[in-house]
Each structure stands twice: as C-alpha cells, then as structure tokens.
Amino acid sequence: MAPDRPLALTQGDPAGIGPDITLAAWAARRETGLPPFLFIGDPEVLKSRAALLDLDIQIRDASPETAASIFDHAIPVLPISSGVEVAAGEPHVATARGTISSIETAVDLCFSGRASAVVTNPIAKSILYQSGFKFPGHTEFLADLALKVTKRSFLPVMMLAGPKLRAIPVTIHIPLKDVPTALTEDLIVDTCRVTNEDLKNRFGIARPRIAVAGINPHAGEDGAIGLEDQEIIHPAIVRLRDEGLHVFGPLPADTMFHDEARSRYDVAVCMYHDQALIPAKALGFDTSVNVTLGLPFIRTSPDHGTAFGIAGQGVARETSLVAALKLAAELAVNTDAKIPAFGVTV
C-alpha cells in the first residue's frame, strides 16, 4: 500500500551513484512495486547519467501534486540546479549548495504535507564541509531543520533496519577513543525511549523488545574488564524498566547477533558505530536501510555512500535505495493512521 503523497527523494551528491541508483530503481519500479517518488535535484544530471549508462528513461519536471501521475512513464523531478556541470565520479564543491537545498526542500515538503517522507541519496560530507556545512552529517542537519520549523529540539536516532536485524548505535560518528566519555546513562535512556516510541508508532510493534549491548568484552565481566557496563549501562536499563519498557542487558556483543539470539529482540541498541553497523551490514548489506528515528517526519536512506569510484559505470546496485523507498512508504502509511499531521513529536 502506497501513501497518498509522493516520497521526496533527494539528489545526494550528483557526482556519486545517487543518480545511477535512482535511474535503476525507477527502471525496476514495476517488478519491485516501487511507490511513487519525486526526485529533488538537477534534471540535467539525471539526463546526462542516463545517456552515459545507455538508459532510455524520460525525465519530466513535476510538483508533488503531479508526481504520481507522471511516475509510471517518466521520473518526476522538482528541479534544483547543481550549480556546475557534473561529471560522474568527479565531486565538486560548487554542487554543495544544490545538495543542501535538495534536503531542505524535501523536509519543507513533508512539513507542508505535500510529501509523505524524505528519502535521501548519499552525500559526500567532505564536499559539504568545504562549502561551510557545519553538521556532522545528514542526521544532525535534519534535526536542525526540524528545530527551525517546530522550535522544538529532537534527538535523532540512527537505525540500520534490514530483514534480519535492526541495530542502533548510541554514539555515532566519533573516534572510538571518545566513546566512553560520550556515553552517558541519560543518552542511553533517551535513545531507548525514542526507539521504543518509533517502533510502536511507525513500525507497529506493540511492545518492542530492546536488547542493549555492553561496551566492554563480555559486557565487562562483573567489572573485571571495565566498569562502564556496571556504572553507566546497567543503571540506564533499570530506569527504562521502571518506566515499563521491555529492555534487557547489558549483553556481551559477541553473542548478540547469531540467529537464535536475534529471535529474542526487535532491535539491538549498541554503544558505538561499528558495534551496530558491522553486524547490520554483514547480515544485509544490499537490503538494509538507514532510518532516522525521533524526528517529526520520516527519513530513510540507503545504507551506503556515494561510491564515486563506480559512478556512471553501470555497476551500482539500487537494492538498498529500493528498500529505503519501500520502507519509507510503509512507515508513512503507518504514521498517517496514527498521527494526523507532520511536526508532531512521536
């Protein structure tokens, strides 16, 4: 079932594989049951990339209101200029403004009720940083956009969702040496609260089972291998249980991800980036989706980067983008049934 408004698909870095996988996803729309999307970006980039890949695909200017009627025979595009001629695999700082504008426009369309969800193609943060972009990545930028519209702060939570595992890192893009300092009882509690609410309200899980990983080998082994599991993670779990959440741990991370262990929980909350993303990508590299929880709009993304080295070569796989689009549509339908308007904290 598709939502009654199109998905807003951002361009990402136009020199990366975003245009490639967008074209491939649309070309496979019928066999994959792809919901209608509105591509927000430079139509000339799509046209030139289609020519490079020898794809006969029509590109049409569109609005959110006309996207669905166009989608069956052409890719509907809300035009935003890249600012410079784009060559596949050759990133340019001049494209940064268009990349950022694409994201801002997608969010605006969701808040205005003209789009059902934001789906983001991969960005190159190093290129954005050169243009003065001040955010660590997509997630933090999206939270800031939500703050500007609603005047309320949100805790964005990154989740990798695949057919075999949902995994969340409590700390994300920071050096490993900084994790023990950044990890706090309150951060774990807040992350699990956001996770619990979105799994209920958007994923339709009545009482989510949340497994919490330890940070040290063997979850600290009663303090013999570090005290963080006893002094930070365990007290957070006690607080969450007192609130009625179904949370358990801290669990040794090395035994959390085999088949039998995964059958006992709906999501694994991990303490740092690779602890969550290594098993998530190992169990579903082409089919996992990056979902941002805790925002007043739905956002999904493929679980890979810009892959400049293969852009325009016809080898980029669209599987994760297709999964991101389909999951966004599913979450939008679930959310519309529970929440009457965007901009409401869930």
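Residues numbered from 1 in each chain as written. Predicted model: local features only at pLDDT ≥ 70, side-chain atom pairs only at ≥ 80, totals over all residues. Heavy atoms only, no water.

Trainee: It is not clear to me how empty space enclosed by the protein should be interpreted in this structure. Could you clarify?
Mentor: Space left empty within the atom packing is revealed by a probe, the size of a water molecule, rolled over the atoms. Per the counting criterion, the structure on display carries one cavity of 30 Å³ or more. Volume-wise, the largest cavity comes out at about 40 Å³. Forming the boundary of the largest cavity are Asp198, Arg202, Phe203, Val291, Thr292, Leu293, Ile298, Arg299 and Leu331. The leading source of residues in the lining of the largest cavity is strand 11 (residues 289–293), at three residues. (1 Å grid on protein atoms, 1.4 Å probe; cavity = no way out; pocket = protein on both sides within 12 Å on 5 of 7 lines; lining within 4 Å. Points joined across faces, edges and corners; volume = space filled by probe spheres on them. Helix = DSSP H or I, 4+ residues; strand = E, 2+ residues; numbered from the N terminus.)

Trainee: Where do I start with the nonpolar core in this structure?
Mentor: Nonpolar side chains in soluble globular proteins tend to be buried together. Counting 63 residues, the largest nonpolar core has Phe37 and Ile75 as its most contacted members. When we break this core down by domain, the ones giving at least three residues each are domain 1 (1–154 + 295–345) and domain 2 (156–294). Non-local contacts of Ile75, meaning those with residues more than four positions away in its chain, are made with Thr22, Leu23, Trp26, Phe37, Phe39, Leu46, Ile57, Gln58, Ile59 and Arg60. With 29 residues, the next largest nonpolar core counts Leu38, Ala74, Ala106 and Ala115 among its residues. (Core = buried A, V, L, I, M, F, W, Y, C linked by side-chain atoms within 4.5 Å. Buried < 20%, exposed > 50% of the residue type's maximum accessible area, 1.4 Å probe, protein only. Domains from an automatic or database assignment. Contact = heavy atoms within 4.5 Å.)

Trainee: Mind showing me how you'd approach the pattern of salt bridges here?
Mentor: Enumeration according to the criterion identifies 18 salt bridges in this entry. Measuring nitrogen to oxygen at the nearest pair gives 2.7 Å for the salt bridge that ties Glu104 to Arg97. Glu104 sits in the partly exposed class, given a relative accessible area of 26%. For Arg239, the salt bridge goes to Glu185, with nearest N and O atoms at 3.0 Å. (Salt bridge = Lys/Arg side-chain N within 4 Å of Asp/Glu carboxyl O.)

Trainee: Can you walk me through the UniProt feature "binding site: substrate" (unreviewed entry) in the protein in this structure?
Mentor: As recorded in UniProt, the sites labelled "binding site: substrate" (unreviewed entry) are His138, Thr139, Lys281, Asn290 and Arg299. Lining residues of the largest cavity drawn from the annotated set just named are Arg299. By the element assignment, Thr139 lies in helix 7 (residues 138–150). Overall, the relative accessible area of 10% leaves Thr139 in the buried class. In this structure, Thr139 is in contact with Pro156, Thr292 and Arg299, ignoring residues within four places of it in sequence. Summarising the element assignment, Asn290 is placed in strand 11. For Asn290, a relative accessible area of 13% gives the class buried. Dropping the residues within four chain positions of it, Asn290 is found in contact with Met158, Met159, Leu160, Arg299, Thr300, Ser301 and Pro302. (UniProt positions renumbered as here; feature names shortened; annotations may be inferred.)

Trainee: Looking at this structure, I do not really get the domain arrangement of the protein. What am I missing?
Mentor: Where interface size is quoted, it is often the accessible area lost as the parts come together. Considered domain by domain, the protein is made up of domain 1 (1–154 + 295–345) and domain 2 (156–294). One C-alpha centre belongs to domain 1, the other to domain 2, and the line joining them spans 28 Å. Each partner contributes residues to the interface: domain 1 has 23 residues there, and domain 2 has 20 residues. Carbon and sulfur atoms make up 53% of the surface buried where domain 1 meets domain 2, a total of about 2000 Å² over both sides. There are ten residue pairs in polar contact (both at pLDDT 80 or more) connecting domain 1 and domain 2. Counting only elements with at least two residues in the side of domain 1 that touches domain 2, the list comes to helix 7, strand 12 (299–302) and helix 13 (319–338). Considering each element in turn, the side of domain 1 that touches domain 2 owes the most residues, nine residues, to helix 13. A per-class count over the side of domain 1 that touches domain 2 returns eleven nonpolar, seven polar and five charged. (Buried area = accessible area lost by both parts, 1.4 Å probe. Polar contact = N/O pair within 3.5 Å; in protein donor to acceptor, adjacent residues only side chain to side chain. Nonpolar A, V, L, I, M, F, W, Y, C, P; charged D, E, K, R; others polar.)

Trainee: Where do I start with the environment of Gly113 in this structure?
Mentor: Relative to the helices and strands, Gly113 resides in the loop between helix 5 (96–111) and strand 5 (117–119). Since its relative accessible area comes to 29%, Gly113 is described here as partly exposed. Put simply, Gly113 and Asp303 are 190 residues apart on the chain and 26 Å apart in space, counted from C-alpha to C-alpha.

Trainee: Would you explain helix 3 (residues 43–52) in this entry?
Mentor: Pro43, Val45, Leu46, Arg49 and Ala50 are the residues of helix 3 that are buried. Here the buried residues of helix 3 occupy an arc of 160° about the axis, which is enough to place them on one side. Exposed side chains of helix 3 directed beyond 90 degrees from the buried face belong to Ala51 and Leu52. On its buried side, helix 3 packs onto helix 1 (18–27), strand 2 (37–41), strand 3 (59–61) and strand 4 (75–79). Sitting at the amino-terminal end of helix 3 is Asp42, which places a side-chain oxygen 2.9 Å from the backbone nitrogen of Glu44. Asp54 occupies a position one or two residues after helix 3 and carries a positive phi of about 60°. (Arc of directions from axis to C-beta.)

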